[in-house]
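# Summary of the model geometry
Residue-level listing of the chains:
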Amino acid sequence: MNLQDFAPEGSRIQKSQTLLSTPAGLQTAIEGQTILEGIAVSCDRAHNLAVDLGGLRGVIPRTECALGVADGKTREIAILSRVGKPVCFVVTGMEDGVLQLSRRRAQEQALGFLLSRQPGEVLPVCVTHLEPFGAFVDIGCGVPSFIGIENISVSRISHPAERFACGQNIYAAVLYTDPSEGRVHLTHRELLGTWAENAACFQAGETVRGIVRSIESYGIFIELAPNLSGLAERRAGLCAGDAVSIYIKSILPERMKIKLAVIDRLPPSPDGRPDPTPLRYFITEGRIQQWVYSPPCCAGKYIATKFGEPDSPSCP
């Protein structure tokens, strides 16, 4: 088994339809408890999901729709919200020409595998829901996890929508696992590069685009990249979230600072909402044991993550 076997929902439909198109393939899927996928087309009054399998009919009984439904730990909205979306399952049998499916069993397989991952291991995940305090993600077969807003990026944001969009495929790293609770805790910012890695993408004397992140009495913090911000002098008429053109005056690794000057405020998008800043990943696979954001030559501030401890995110 590998990460690809337990990918987030939405990646297996074509392969699943091909396997289920023959009696031999169906028998193989049942015997091997192969994780497959189809589109949930409806949910009846009893909250059983009907699944389109490309010519075959399938149903996921309510208690098999997700981990935690049977004991009340998972709310019914977790079932209703799957209509029109891909759902993972294993085939458990057939009754009256209708395939009997279990999403719960697919999720049990995925969770067992994911709980065995080591802290710092990088996972592909899919954003499913955004709240002011963080982003909910599918870490495999619809198993949910969460990235707190403080762990999304080094550059601070007011809402995860400034980084992510629902349905977006991203990467995350295992912060630590909690087998007793069946939870995998994630972080994201460590994959977006250190201060030095991000600063190397810019040069003093350049004029580039940035996003105003906060306005303080002593200046304006402007994001150059999700893990890199600089400071400019205050300028009237600017608000947090504004896109601006900025001149890079100097880059100071020994102080972990970038001095900027605002050139102009850029026009907003047609809907008035800023698009999420494009993500540039410096790490997309493997395992991180310790991540140090601060440049080696900077003695004034130390930001790092030591993986494997529940209270590990950073040491400011």
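So, a few notes on the structure that sits alongside this text. (Residues numbered from 1 in each chain as written. Predicted model: local features only at pLDDT ≥ 70, side-chain atom pairs only at ≥ 80, totals over all residues. Heavy atoms only, no water.)

### Considering the overall build of the chain
Across its full length, the chain holds five helices and 17 strands. With respect to the principal axes defined by its C-alpha atoms, the chain has extents near 75 × 45 × 35 Å. When each of the 316 residues of the chain is scored for burial, the buried share is 45%. Within the chain, residue pairs in contact and separated by at least 24 positions form 63% of the contacts whose partners lie at least 6 positions apart. Carbon and sulfur atoms provide 52% of the accessible area of the chain, an area that totals close to 15900 Å². Side chains of the chain carry 31 positive and 33 negative charges; the gap between the two charge centres is 5 Å. (Helix = DSSP H or I, 4+ residues; strand = E, 2+ residues; numbered from the N terminus. Buried < 20%, exposed > 50% of the residue type's maximum accessible area, 1.4 Å probe, protein only. Contact = heavy atoms within 4.5 Å. Areas by Shrake-Rupley, 256 points an atom, 1.4 Å probe, with all protein chains shown as cover. Lys, Arg positive; Asp, Glu negative; His and termini not counted. Charge placed at Lys NZ, Arg CZ, Asp CG, Glu CD.)

### Comments concerning the sheet that holds strand S2 (residues 49-52)
Strand order in the closed barrel made by the five strands is S1-S2-S3-S5-S4, with mixed pairing throughout. Put simply, the sheet's adjacent strands are angled 50° from each other on average, direction ignored. Pairing between strand S1 (residues 36-43) and S2: four bridges, direction antiparallel. Looking at S2, one finds that Ile39 is bridged to Asp52. (Pairing = 2+ DSSP bridges. Axes fitted to C-alpha atoms, helices over the stretch in contact; angles between N-to-C directions.)

### Brief notes about the packing of aromatic side chains
Using the criterion set out here, one finds seven aromatic pairs in the structure. Ring geometry for Phe136 versus Phe146: centroids 4.9 Å apart, planes at 50°, classification tilted. Of this pair, Phe136 sits in strand S7 (residues 134-140) while Phe146 sits in strand S8 (residues 143-148), and the two are 10 residues apart along the sequence. Under the relative-accessibility criterion, Phe136 is labelled partly exposed at 29%. Ring-pair connections join several aromatic residues into one group, and the members of that group are Phe133, Phe136 and Phe146. (Phe/Tyr/Trp six-rings, centres within 6.5 Å; stacked < 30°, edge-to-face > 60°.)

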